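Here's the letter readout for the chains.
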Amino acid sequence: MQAIISAVQMHLADEYTITHEPVTLFDLMERASAAFVKCFRKDFDDRGLRLAVFCGPGNNGGDGLAIARMLINSGYLNTAVYKINFSPNQSEDNKTNEALLKKMHAPVRYIYKAEDMQFIAADVLIDAVLGSGLNKPLSGEYAQLAQKINAINIPVYAVDIPTGLPADGGVDENYNGIRAQKTITFQRPKFNFFLPESLAATQEFEVVNIGLDEDYIQSLPAGHYLLEEKDIRKILPPRKRFSHKGTYGHALLICGQPQTMGAALLCASGCIHAGAGLVTACIPGSGLTALNASLPEAMYLPRDIGQITSTAEDYKVVAIGCGLDTNDESKVLLEKALEMQTQLVIDADAINLLAKDKNLLDKLPPGTILTPHIKEFDRLFGNHTSWHSRLQTAVGEAFSRRLTIVLKNQYTFICHSDKKIYINPTGNPAMAQGGMGDVLTGIIAGLLAQKLSPLHAAWAGCYLHGKAGDRLARNSYVVKASALAEQVAKEMK
Ligand SMILES: NC(=O)C1=CN([C@@H]2O[C@H](COP(=O)(O)OP(=O)(O)OC[C@H]3O[C@@H](n4cnc5c(N)ncnc54)[C@H](OP(=O)(O)O)[C@@H]3O)[C@@H](O)[C@H]2O)[C@@H](O)CC1
Ligand SMILES: [K+]
């Protein structure tokens, strides 16, 4: 898994690389710029395009100057360079790159005041004004410049980070920086890119490797990690010879109401396809025919509290909440689940019940997994005005209550009692449809039944769920939750 390091740590990584490799900052800037150009050319291969490269005073601007040189050298002859000279500061490598451009007789126009900026006749703009060196919010000339650039209304490609977006620590709700269509970022995605608010700053991002010392980066203490396929492969339980259904655990799913039986069936399907040895659905009797018809592998347990508790020791895991409602009967079911002394996954209406009665929240056994979406999370832990503050709450609650909180989003954040946030990279907007969360709960329960730890079950559950969705979205505008559940078993192979 990749450590998502802060801007300060990224700076340490470039210093470390320079000290331990025969490479200078200028060389690193060359590598970064060449990597940017290679990526840019994949999207824009028409050499006749008119490009405007805006370069600031620091090393981000230095990259911009080198990028302009490389673009001109590779045939983009309509490249205009705008050098932002709002202050006399200029980094050493910025100076070197400016001199190299001038040596080629490339025209460089200077902007001393935002109001000096004339009409820009360009098809694409490259933003190399400010990068990871941003040390305060944009104001004055820089804020005005950003506004003027945004008003041009042509695609903007940002170098490393859009000007005005901090790399970490949250995104201001009144973001006033440059709005990029795409950001080509160096070595690591920046943590703020994973927050929904960053959409104001960049529609998408792509990471390019610039050869910083990976061992050093991975050794840095990071609070955020990005999951990778190899992490998941390592933890999936092998299907061993001589194993049988008892080997892979028994999951009990307390889900559904007569009018929301689909949620229970989807949860059961996720659980079966994630490999649980046995799955019992505790649903209203009116759902039995549908259960037998759609998932003959699943067993049925009536909604009889006596029967549920008498069989408690049979279950490796209990998942509760999908389509459950928050009525009194559901509350009793949740209370019973909390008393069962087994591994729990709490979703949907079971989370809403915890929000209504905080005494129940205090009774969650350590190791419980909660799988809220944003609204359920805020109902439970209070309203938040930003994702940054929501995540801070999630990390604090996960730590103090010894929980794993799977906060669902385009990039799902898995906040664990180790105080770390694990980011799931898989998944896509074609999956934005009812029932997806129910399937995820079932998958996680299925993995817990197979003895994965809560953290590993959350990692693998989220990753496989998103990966199955990504695969299906290749050929489909929208991905159905029931199809996704079936695909999960294939992704695990
Ligand atoms: N990681 C790597 O290995 C590599 C990184 N590389 C590149 O380096 C970039 C980082 O470069 P960097 O550190 O020079 O900072 P950068 O973003 O150019 O800004 C510094 C200037 O901005 C100014 N300034 C800041 N905030 C401001 C504000 N709000 N309003 C106004 N001014 C403000 C600040 O002025 P000061 O406040 O210090 O007076 C200073 O002049 C990085 O994003 C990547 O592109 C690659 O070249 C090579 C490998
Ligand atoms: K930039």
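Note that this is a predicted model, so its numbers are computed, not measured. (Residues numbered from 1 in each chain as written. Chains lettered and ligands numbered in written order. Predicted model: local features only at pLDDT ≥ 70, side-chain atom pairs only at ≥ 80, totals over all residues. Heavy atoms only, no water.)

Student: What am I meant to see in the coordination of the potassium ion (ligand 2) here?
Tutor: Taken together, the protein ligands of the potassium ion (ligand 2) are Asn60 (OD1), Asp127 (O), Leu130 (O), Val159 (O) and Ile161 (O), with distances of 2.6 to 3.1 Å. Counting the intervening residues between successive donors of the potassium ion (ligand 2) yields the motif N-x66-D-x2-L-x28-V-x1-I. One end of the pair, leucine 130, is in the loop between strand 5 (124–128) and helix 5 (140–152); the other, valine 159, is in strand 6 (residues 156–159), and 29 residues separate them in sequence. The same class applies to leucine 130 as to valine 159, namely buried. (Donors = N, O, S within 2.8 Å, 3.2 Å for Na, K, Ca; no water. Helix = DSSP H or I, 4+ residues; strand = E, 2+ residues; numbered from the N terminus. Buried < 20%, exposed > 50% of the residue type's maximum accessible area, 1.4 Å probe, protein only.)

Student: For this particular structure, what's the right way to read the side chain of threonine 368?
Tutor: Tracing the backbone through its elements, the reader meets threonine 368 in the loop between helix 13 (358–362) and strand 15 (369–370). Accessibility expressed as a relative area gives 1% for threonine 368, which makes it buried. Only 2.7 Å separates the side chain of threonine 368 from the backbone oxygen of proline 365, close enough to count as a polar contact. In this structure threonine 368 touches Gln343, Leu344, Ile346, Arg402, Leu403 and Thr404, once residues within four positions along its chain are discounted. (Polar contact = N/O pair within 3.5 Å; in protein donor to acceptor, adjacent residues only side chain to side chain. Contact = heavy atoms within 4.5 Å.)

Student: Looking at this structure, I do not really get the domain arrangement of the chain. What am I missing?
Tutor: It is common to give the size of an interface as the accessible area that goes away when the parts come together. What the domain assignment lists for the chain is domain 1 (2–223) and domain 2 (229–492). The gap between the C-alpha centroids of domain 1 and domain 2 is 41 Å. Between domain 1 and domain 2, roughly 950 Å² of surface is buried when both sides are summed, and carbon and sulfur atoms account for 67% of that area. Where domain 1 meets domain 2, there are zero salt bridges. At the boundary of domain 1 and domain 2, one finds two residue pairs in polar contact (both at pLDDT 80 or more). (Domains from an automatic or database assignment. Buried area = accessible area lost by both parts, 1.4 Å probe. Salt bridge = Lys/Arg side-chain N within 4 Å of Asp/Glu carboxyl O.)

Student: Can you walk me through the nonpolar core in this structure?
Tutor: If you look at soluble globular proteins, the nonpolar side chains tend to sit buried side by side. In terms of nonpolar packing, the biggest core is built from 101 residues, with Phe36, Phe40, Leu253 and Ile414 touching the most fellow members. Residue contributions to this core reach at least three from each of two domains, namely domain 1 (2–223) and domain 2 (229–492). Ignoring sequence-local partners within four residues, the contact set of isoleucine 414 consists of Leu227, Thr404, Ile405, Val406, Lys420, Ile421, Tyr422, Leu455, Ala458, Trp459 and Cys462. Of all hydrophobic cores here, the second largest spans 55 residues; its members include Leu252, Ile254, Val318 and Leu344. (Core = buried A, V, L, I, M, F, W, Y, C linked by side-chain atoms within 4.5 Å.)

Student: Mind showing me how you'd approach unusual backbone geometry here?
Tutor: One can expect most non-glycine residues to show negative phi and most peptide bonds to be in trans. Although it is not a glycine, asparagine 153 adopts a positive phi angle of roughly 65 degrees. With respect to the element layout, asparagine 153 can be found in the loop between helix 5 and strand 6.

Student: I would appreciate a short explanation of the sheet that holds strand 16 (residues 404–407) in the present structure.
Tutor: The strands that make up a sheet are held in pairs by hydrogen bonds between backbone atoms, and each pair lies either parallel or antiparallel. In spatial order, the strands read 1-9-18-17-16-15-14-13-10-11-12; together these 11 strands make up an open sheet with mixed pairing. The sheet is open, and its two edges are formed by strand 1 (2–3) and strand 12 (299–301), each paired on a single side. Pairing analysis gives three bridges linking strand 17 (residues 413–415) to strand 18 (residues 421–423), with the strands arranged antiparallel. Counted as the bridge partner of phenylalanine 413 is isoleucine 423 from strand 18. In the packing of helix 11 (residues 328–339) onto the sheet, the strands contacted are strand 10 (250–254), strand 13 (317–320) and strand 14 (343–346), and the crossing angle to strand 13 comes to about 155 degrees. (Pairing = 2+ DSSP bridges. Axes fitted to C-alpha atoms, helices over the stretch in contact; angles between N-to-C directions.)

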